[in-house]
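Each chain is listed here by its residues.
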Amino acid sequence: METETSNKYSVLMLEKGMGVLELLADYHSGLTIQEMCSHLSYPKTTIYRLANTLLEMGYLGKDEDTNHFFLSRKLFRLGLAALGETDMLERAIEPMKRLRDEVKESVMLGTLVGNEAVLLEQVIGSHDFTFMLRPGAHLCLHASAPGKVLLAYQKKEVKEELLNSIRFVKFNDNTITNPKRFKEELEQILENGYGVDVEEEISGVHCIGAPIFNQYGEVVACVWTSGPKGRIPLSVFPKLSVKVRNCAEIISGKLGYKKSKEMKAVKAIIGK
């Protein structure tokens, strides 16, 4: 079905399908058909057909208990394809497992989507009590280790745009809410090569993350580990950060990044 709007080649149903996807991108827990109707000026039968077609194609998932439709991980793979990193998950999983075996804590991989860090993959820790994120979980930029790392290594203009978009929500007394203090934190990440979350979003939880680069020296993801501060006290940060950075460097190497030759390119990209 085609319609002559601003473009005579515009496909109306395709536009509406993309409208559904863009709407669900703002609702991480998903929406019901009726809730989508309240946001979009489409007939209920149209949204029903679109949602179920996208579900059959694998671009949406559905919670059968709540009838909520939500974006699936298949869309993340399209995003990785846009970055030219379609096989990143496959190349990252073994180094992540080795890091998990070494530190015993859960290890996660995420990338930047919009102005949030989004979980792509995780390897569950070996402790009886360990951390696990909901698939596709979104993390804020200012109070999470992956969010800070992914922001710190962006190009200067992108970094400024993202900084301006941040709502510095205060989760607890450890959350950095001062923009100037946060920029200093980003500078520290570039100097150290890793970022941390010291109970800044969830009390009692510490995280350490390091950047993953592609062959062009662009940051494409972050690998991090999280655990209770009792098992990851500040005193182990120096040694643990080395392990996390080593994991990140191995994955980066599998993506074609060469540290010795590409570091100047990375500094040029982020405007240092």
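Higher on the page you've got the structure.
In this numbering scheme, every chain counts its residues from 1 along its sequence in written order. Given that the model is predicted, a residue must reach a pLDDT of at least 70 before its local features are reported, and side-chain atom pairs must reach 80 or more before they are shown or counted; all residues, however, enter totals for whole chains, interfaces and linings. Hydrogens and water are ignored here; the side-chain numbers use all heavy atoms of the structure.

Caption draft 1: Just the overall build of the protein chain, in detail. Strands here are runs of E lasting at least two residues and helices are runs of H or I lasting at least four, both read from the DSSP assignment and numbered beginning at the N terminus. Scanning the protein chain from N- to C-terminus turns up 10 helices and 8 strands. A total of 272 residues make up the protein chain; the buried ones form 46% of that total. Residues are treated as being in contact if the distance between any of their heavy atoms lies within 4.5 Å. Counting contacts in the protein chain only where the partners sit at least 6 residues apart, residues at least 24 apart contribute 57% of the total. Surface summary for the protein chain: the accessible area is close to 14400 Å², and the carbon and sulfur share equals 52%. Relative accessibility under 20% of the residue-type maximum defines a buried residue, over 50% an exposed one, and the middle range a partly exposed one, all with a 1.4 Å probe and only protein chains included. Using a 1.4 Å probe, the Shrake-Rupley method yields the accessible areas, and only the shown protein chains count as cover for residues.

Caption draft 2: Molecular detail of the nonpolar core. Buried residues of nine kinds, namely Ala, Val, Leu, Ile, Met, Phe, Trp, Tyr and Cys, make up a nonpolar core once their side-chain atoms join them within 4.5 Å. Counting 26 residues, the largest nonpolar core has Met 96, Leu 109, Ile 208, Ile 212, Val 223 and Val 244 as the members making the most contacts within it. Not counting the four nearest positions on each side in its chain, Ile 212 is found in contact with Leu 109, Glu 218, Val 219, Val 220, Ala 221, Cys 222, Val 223, Ala 248, Ile 251, Ser 252 and Leu 255.

Caption draft 3: Just helix α8 (residues 179-192), in detail. Helix length check: α8, at 14 residues, gives a terminal C-alpha distance of 20 Å against a target of 20 Å (1.5 Å per residue), a fit within 8%. Where α8 is concerned, the buried positions are Phe 182, Glu 185, Leu 186, Ile 189 and Leu 190. Buried residues of α8 fall within an arc of 140° about the axis and therefore sit on the same side. Set apart from the buried face of α8 by more than 90 degrees, the exposed residues are Lys 180 and Glu 191. Tucked into the core, α8 has its buried residues touching α6 (145-152), α7 (156-165) and β6 (195-198). Two N or O atoms count as a polar contact when they lie within 3.5 Å, although within protein this holds only if one can serve as hydrogen donor and the other as acceptor, and sequence-adjacent residues are included solely when both atoms are side-chain atoms. The residue sitting at the N-terminus of α8 and contributing the capping side-chain oxygen is Asn 178; that oxygen lies 2.9 Å from the backbone nitrogen of Lys 180. Backbone geometry just after α8 places Gly 193 at a positive phi near 85°. To estimate how far a helix should reach, multiply one less than its number of residues by 1.5 Å. The arc refers to the directions leading from the helix axis to the C-beta atoms.

Caption draft 4: Geometry of the pairing of strand β7 (residues 205-213). In terms of burial, β7 is a largely internal element, 9 of the 9 residues being buried. In this scheme, strands are said to pair when DSSP sees at least two bridges between them. In terms of strand pairing, β6 meets β7 through 4 bridges, oriented antiparallel. When the bridges of β7 are listed, Asp 197 appears paired with Cys 207. In this sheet, strand β8 (residues 219-228) lies alongside β7 in antiparallel orientation, the contact comprising 9 bridges. Residue pairing across strands places Val 205 opposite Pro 228, the latter belonging to β8. Linking β7 to β8, which pair antiparallel, is a turn of 5 residues; within it Gly 217 sits at a positive phi near 80°.

Caption draft 5: Main features of the environment of Trp 224. With respect to the element layout, Trp 224 can be found in strand β8. In sequence terms Trp 224 and Ala 248 are 24 residues apart; their C-alpha atoms lie 8.7 Å from each other. Excluding residues that lie within four positions of it along the chain, Trp 224 makes contacts with Ser 106, Val 107, Met 108, Leu 109, Gly 110, Leu 119, Leu 133, Leu 139, Pro 146, Ile 208 and Gly 209.

Caption draft 6: View of a nonpolar patch on the surface. A grouping of Val 11, Leu 14 and Met 18 is seen on the molecular surface, where their side chains present a nonpolar patch of about 250 Å² in accessible area. Considering the arrangement of structural elements, one finds Leu 14 in helix α1 (residues 12-24). For Leu 14, a relative accessible area of 53% corresponds to the exposed category. Patch membership is restricted to residues that have no salt bridge and whose relative accessible area is over 30%. Joining uses 9 Å for like charges and 5 Å for the nonpolar side chains Val, Leu, Ile, Met, Phe, Trp and Tyr. A pair is scored as a salt bridge if a Lys or Arg side-chain nitrogen falls within 4 Å of a carboxyl oxygen belonging to Asp or Glu.

Caption draft 7: The arrangement of the sheet that holds strand β3 (residues 106-113) in detail. An order of β5-β4-β3-β8-β7-β6 is seen for the 6 strands of this open sheet, with the pairing classed as antiparallel. At either margin of the open sheet sits one strand with a lone partner, and together these are β5 (138-139) and β6. Summarising the sheet, β3 and strand β4 (residues 116-123) pair through 7 bridges and their orientation is antiparallel. In the strand pairing of β4, Met 108 is matched with Gln 122.

Caption draft 8: Representation of the pairing of β4. Burial analysis of β4 places 6 of its 8 residues in the buried class, which makes it a mostly covered element. Remark: 2 residues form the turn of the hairpin made by β3 and β4, two consecutive strands paired antiparallel; Gly 114 in that turn has positive phi of roughly 65°. Where β4 lies against β5, 2 bridges are found, and the strand directions are antiparallel. What sits directly across from Ala 117, in β5, is Leu 139.

Caption draft 9: Fine view of the pattern of salt bridges. Tallied over the full model, the rule gives 9 salt bridges. One salt-bridge network, held together by shared partners, links Lys 148, Arg 181, Glu 185 and Glu 200.

Caption draft 10: Spatial organisation of the side chain of Ser 144. Looking at the secondary structure, you find Ser 144 in the loop between β5 and α6. Side-chain polar atoms of Ser 144 contact the backbone oxygen of Cys 140, separated by 2.6 Å. A distance of 3.0 Å separates a polar atom in the side chain of Ser 144 from the backbone nitrogen of Gly 147. Beyond its immediate sequence surroundings of up to four residues, Ser 144 is in contact with Leu 139, Asp 197 and Glu 201.

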